[in-house]
Amino acid sequence: MEKRLILRGVLAGAVAGLLAFVFARIFAEPQINAAIEYESGRDDAQGLLDKAAGLPMDMGGPDIFSRTVQANVGIGVGMILFGTAMGALFAIAYTVCLGRTGRLRPRTLAMLVALGGFLGLYFVPFIKYPANPPAIGHPETIRDRGNLYLGMVVCSIVFLVLAVWLGKRLQARFGNWNATLLAAGAFAVAIGIVMAVLPSLGELADNVQQFGHHATETPLPLTDDKGAIVYPGFPADTLFEFRFYSVAAQLLLWGTLGLLFGPMAERLLKSRAEAAAAPAEAGPEPVGAV
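Everything quoted here is computed from the prediction, not taken from an experiment. (Residues numbered from 1 in each chain as written. Predicted model: local features only at pLDDT ≥ 70, side-chain atom pairs only at ≥ 80, totals over all residues. Heavy atoms only, no water.)

### Looking at the packing of helix H4 (residues 106-128) against helix H5 (residues 142-197)
- Here H4 crosses H5 at 130°, and the two axes come no closer than 9 Å. Classified by the angle their axes make, H4 and H5 are oblique. For the crossing formed where H4 meets H5, the hand is right-handed. Facing Gly116, Leu119, Gly120, Leu121, Tyr122, Val124, Pro125, Phe126, Ile127 and Lys128 of H4, the residues of H5 in contact are Tyr149, Met152, Val153, Ser156, Ile157, Leu160, Phe187, Ile191 and Met195.
- Class assignment of the residues belonging to the contact of H4 with H5 gives a composition of 15 nonpolar, three polar and one charged. (Axes fitted to C-alpha atoms, helices over the stretch in contact; angles between N-to-C directions. Helix = DSSP H or I, 4+ residues; strand = E, 2+ residues; numbered from the N terminus. Parallel < 35°, antiparallel > 145°, perpendicular 65-115°, else oblique. Left-handed = near helix turned anticlockwise from the far one by under 90°. Contact = heavy atoms within 4.5 Å. Nonpolar A, V, L, I, M, F, W, Y, C, P; charged D, E, K, R; others polar.)

### Comments concerning the pattern of salt bridges
- Considering all chains together, one arrives at two salt bridges under this definition.
- A salt bridge links Glu266 to Arg105; the shortest N-O distance between them is 3.0 Å. A residue pair is termed long-range when its members are at least 10 positions apart, and Glu266 in helix H7 (residues 236-282) and Arg105 in the loop between helix H3 (67-97) and H4 qualify at 161 residues.
- Glu266 sits in the buried class, given a relative accessible area of 17%.
- The partner of Arg107 in a salt bridge is Glu266, and the shortest N-O contact between them spans 2.7 Å. Taken together, the residues Arg107 in helix H4 and Glu266 in helix H7 connect sequence positions 159 residues apart. (Salt bridge = Lys/Arg side-chain N within 4 Å of Asp/Glu carboxyl O. Buried < 20%, exposed > 50% of the residue type's maximum accessible area, 1.4 Å probe, protein only.)

### Section: the packing of helix H1 (residues 2-27) against helix H2 (residues 29-52)
- Taken N-terminus to C-terminus, the directions of H1 and H2 make an angle of 45°; their axes are 4 Å apart at the nearest point. With respect to their mutual orientation, H1 and H2 come out oblique. Listed contacts from H2 to Ala24, Arg25, Ile26 and Phe27 of H1 are Glu29, Pro30 and Gln31.
- Along the lines of polarity and charge, the residues of the contact of H1 with H2 split into four nonpolar, one polar and two charged.

Set out below in structure tokens:
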């Protein structure tokens, strides 16, 4: 049965990834285009400043894939594959939780596992290291940013699992509601400590001194040698909308995954229970029956 559940998780994840891609293509892609246009304009302005100062100009390299391919085929295939992978992991987590969470209905359990996946794999790490569009963050911090984000994901998942275990241990003594609150509080404290210890993205920018004394991952206005602004800083609206739609796309993916997987798992489990009960209901065969 485990393989059949995983297969249903993969199918639900692929559909969820497709829906998330359509959403992101409509709402998030315009913000990505705006960020790319900003980055291109800033590079041109920086090139003029470098030329006026007698410095060599950075010509950059050509794009391997066009923006049309990236925005449609690239992101589409990536989101579907991501949804498929998350669907498989979701089904495995669901199988582990099955029978260990009391009398929860299969659909209810599916939504709770989806909520845990959204929080543990995306939203909690996002709070510390939010998603950024092009032009945010500089190339020398890419590896550090990736490692820190991966560390946040690992800590978030581990603490979430421990919080569920703690809630189950405290349930008999404090009741279901109070045990849930205590476990949630313990999770918040533990993940809060990790967030406080790990460096911020601005601190990474400080290390490479990309933006001078007031280093930040978000580009500040570009100024000439006299202090006059020759190109504005990165638009705050674009950054906010990109992050908002990023969260919304992930919420759509995990919500769709839970909503699609729940009924499929419920039908599978119901048919299995009926098949197991059928021989018992039929009773023993009469003696001498032909």
